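What follows is the residue order along each chain.
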2 protein chains.
Amino acid sequence: MHRTTRSPMMQTLVNSGMGIAPFFKVTVFEQEHFQGKCQEFTSECCNIHECGLDIIRSIRVESGAWVGFEHHDFQGQQFILERGEYPHWDAYSGSLSYHVERLMSLRPIYCASSLSQSHMSSRMMIFERENFMGRSVELCDDYPSLQAMGWSMPEVGSMHVQCGAFVCYQFPGYRGQQYIMECERHSGDYQHWKNWGSHCQTPQIQSIRRIQH
Amino acid sequence: MHRTTRSPMMQTLVNSGMGIAPFFKVTVFEQEHFQGKCQEFTSECCNIHECGLDIIRSIRVESGAWVGFEHHDFQGQQFILERGEYPHWDAYSGSLSYHVERLMSLRPIYCASSLSQSHMSSRMMIFERENFMGRSVELCDDYPSLQAMGWSMPEVGSMHVQCGAFVCYQFPGYRGQQYIMECERHSGDYQHWKNWGSHCQTPQIQSIRRIQH
């Protein structure tokens, strides 16, 4: 039983044993449905106003995994942006506790693992309590419900990302506020929910999944 | 490298080789944050008004995977409900094109595969065109971005679920309108986007994942 077929280019690279350094590319548009003034990015932008844009209303991710932020300098609510089309704000915001149509900065998620790599390239630990204390489990897959897997509470105390990148969500089924956790940031250490992002108000985490290019 | 540990009960059942018939249980509350009048369900409810409730504002899924619907008799927008806590409407609605705080019917997803089964217990085909025509691929995993896997367009023409159950989403990263696809419904055949649910307005599908208990 085969998995969905890869693009011919990727299959050739996989067969040759070459690692793939993902090429990152996203185009953002000032109007919904990919209309109006647009700008292409292949690396981070810490303030869209300085990149010649007033507002972002739709996004087309062509390559790589990105994270967008509500405020400039990568602050505020986080939005995981994987390859595909987001024709309006609701398409990339997910369900959030407050609705503010603003995306002011964005950057690639460089340490996300490649789809061609094995399962073992995304690994993290979650802990019951802050500062990596209490009961813990190791995660290397996707968990739409942590409780269905045996994690008995709707919160996580602290996390450590050993390799790759993950996105954690407040509610089951990958809903609610999103927190992107990367092995390359803070040495992969997230010892308190206040470290998960400037928008984080609670230790509530009920689903977690890997980020892969 | 081990996966997250299972609950002791599940591990014992897995070790003994027994299949697990999941026990389905959900409690719904008339107020947010699990307050007010509540009702427990272990099987379907086609109209919450007939079950003694005025409204549902928070949900606690204790066992099994469920789907909630905007209207009675399992019509309207669909909401996948996996084990965990949903303290208010935003927590289970995800990001939707229209906001209406209503959940009027719900039922178990009986054919969702068990977490203790192998990968091969959830399988479906997606087709480029209606009526199972055009290019196709077989899916048996989770795809936060179909385009990252080589599916070149943001739409799907038709689908056939061979076993298990999947939830399909309008946008990448499991966002937007949700469509629950089950092998036991319509013989697993979904030949046109109009068959995906009474709320479906478009063939746009950009992420798909398995539903597992």
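Note that the structure is predicted; figures quoted are calculated from it, not measured. (Residues numbered from 1 in each chain as written. Chains lettered and ligands numbered in written order. Predicted model: local features only at pLDDT ≥ 70, side-chain atom pairs only at ≥ 80, totals over all residues. Heavy atoms only, no water.)

### Some points on the overall build of chain A
Each helix and strand in chain A was counted, giving 2 helices and 14 strands. Split into buried and exposed, the 213 residues of chain A put 59% on the buried side. Surface accessibility of chain A: about 8,600 Å² in total, with carbon and sulfur atoms responsible for 48%. (Helix = DSSP H or I, 4+ residues; strand = E, 2+ residues; numbered from the N terminus. Buried < 20%, exposed > 50% of the residue type's maximum accessible area, 1.4 Å probe, protein only. Areas by Shrake-Rupley, 256 points an atom, 1.4 Å probe, with all protein chains shown as cover.)

### Some points on the pairing of strand β8 (residues 123-129) of chain B
With respect to burial, β8 of chain B is a largely interior element, 5 of its 7 residues being buried. Hairpin remark: β8 of chain B followed by strand β9 (residues 133-139) of chain B, antiparallel, with 3 residues in the connecting loop; positive phi at N131 of chain B, about 55°. (Pairing = 2+ DSSP bridges.)

### Topic: the packing of aromatic side chains
Overall, the coordinates contain 19 aromatic pairs over all chains when judged by the stated rule. Aromatic pair Y86 of chain A and Y92 of chain A: ring centres 6.4 Å apart, planes at 75°, arrangement edge-to-face. With centroids separated by 5.0 Å and ring planes inclined at 25°, the aromatic side chains of Y174 of chain A and Y174 of chain B adopt a geometry described as stacked. You can see Y174 of chain A sitting in the loop between β11 (165-171) and β12 (175-182) and its partner Y174 of chain B sitting in the loop between β11 (165-171) and β12 (175-182), one on each of two chains. (Phe/Tyr/Trp six-rings, centres within 6.5 Å; stacked < 30°, edge-to-face > 60°.)

### Points about the sheet that holds strand β4 (residues 66-71) of chain B
Residues and elements named next belong to chain B. The 3 strands are arranged β5-β4-β7 in an open sheet whose pairing can be described as antiparallel. Lying at the two open borders of the sheet, with one neighbouring strand each, are β5 (75-81) and β7 (105-108). Strand-to-strand twist in this sheet, taken as the mean axis angle between neighbours without regard to direction, amounts to 25°. As paired elements, β4 and β7 share 4 bridges and run antiparallel to each other. Counted as the bridge partner of G68 is L106 from β7. (Axes fitted to C-alpha atoms, helices over the stretch in contact; angles between N-to-C directions.)

### Comments concerning the nonpolar core
Counting residues in hydrophobic clusters, the biggest one holds 28 residues, and the most contacted among them are I109 and I211 of chain A together with I109 and I211 of chain B. Mapped onto this core, the elements with two or more residues apiece are β4 (66-71) and β11 of chain A together with β4 and β11 of chain B. When sequence neighbours within four positions are dropped, the list of residues in contact with I211 of chain A reads A65, I80, I109, A112, S113, A165, F166, V167 and I180 of chain A. (Core = buried A, V, L, I, M, F, W, Y, C linked by side-chain atoms within 4.5 Å. Contact = heavy atoms within 4.5 Å.)

### Notes on the confidence of the model for chain A
All names here are of chain A. Of all residues in chain A, 86% have pLDDT values of 70 or greater, and the mean over the chain is 88. pLDDT under 50 marks residues 1-19. Its contacts with residues more than four places away, or in other chains, come to 28 contacts. Both scores are available for the predicted complex, with the pTM at 0.88 and the ipTM at 0.86. (pLDDT = per-residue confidence, 0-100.)

### Here we look at the side chain of S122 of chain B
Relative to the elements of secondary structure, S122 of chain B occurs in the loop between β7 and β8. Within polar-contact distance, the side chain of S122 of chain B engages the side chain of S113 of chain B at 3.0 Å. (Polar contact = N/O pair within 3.5 Å; in protein donor to acceptor, adjacent residues only side chain to side chain.)

### Some remarks on the pattern of salt bridges
For the structure on display, the rule yields 18 salt bridges over all chains. In this structure, the salt-bridge partner of D141 of chain A is R210 of chain A, at a minimum N-O distance of 3.6 Å. Pair noted here: D141 of chain A is in the loop between β9 (133-139) and β10 (158-163) and R210 of chain A is in strand β14 (residues 207-210), with a separation of 69 residues, a long-range link. Grouping residues by exposure puts D141 of chain A and R210 of chain A together as buried. For the salt bridge of E182 of chain B with R185 of chain B, the shortest nitrogen-to-oxygen distance reads 3.9 Å. For E182 of chain B, a relative accessible area of 3% corresponds to the buried category. (Salt bridge = Lys/Arg side-chain N within 4 Å of Asp/Glu carboxyl O.)

### Things to note about the pairing of β4 of chain A
All names here are of chain A. Burial analysis of β4 places 5 of its 6 residues in the buried class, which makes it a mostly covered element. Direction of pairing for β4 relative to strand β5 (residues 75-81): antiparallel, over a ladder of 5 bridges. Considered in β5, the bridge of H71 is made with Q75. Adjacent in sequence and paired antiparallel, β4 and β5 are bridged by 3 residues, among which D73 carries a positive phi angle near 55°.

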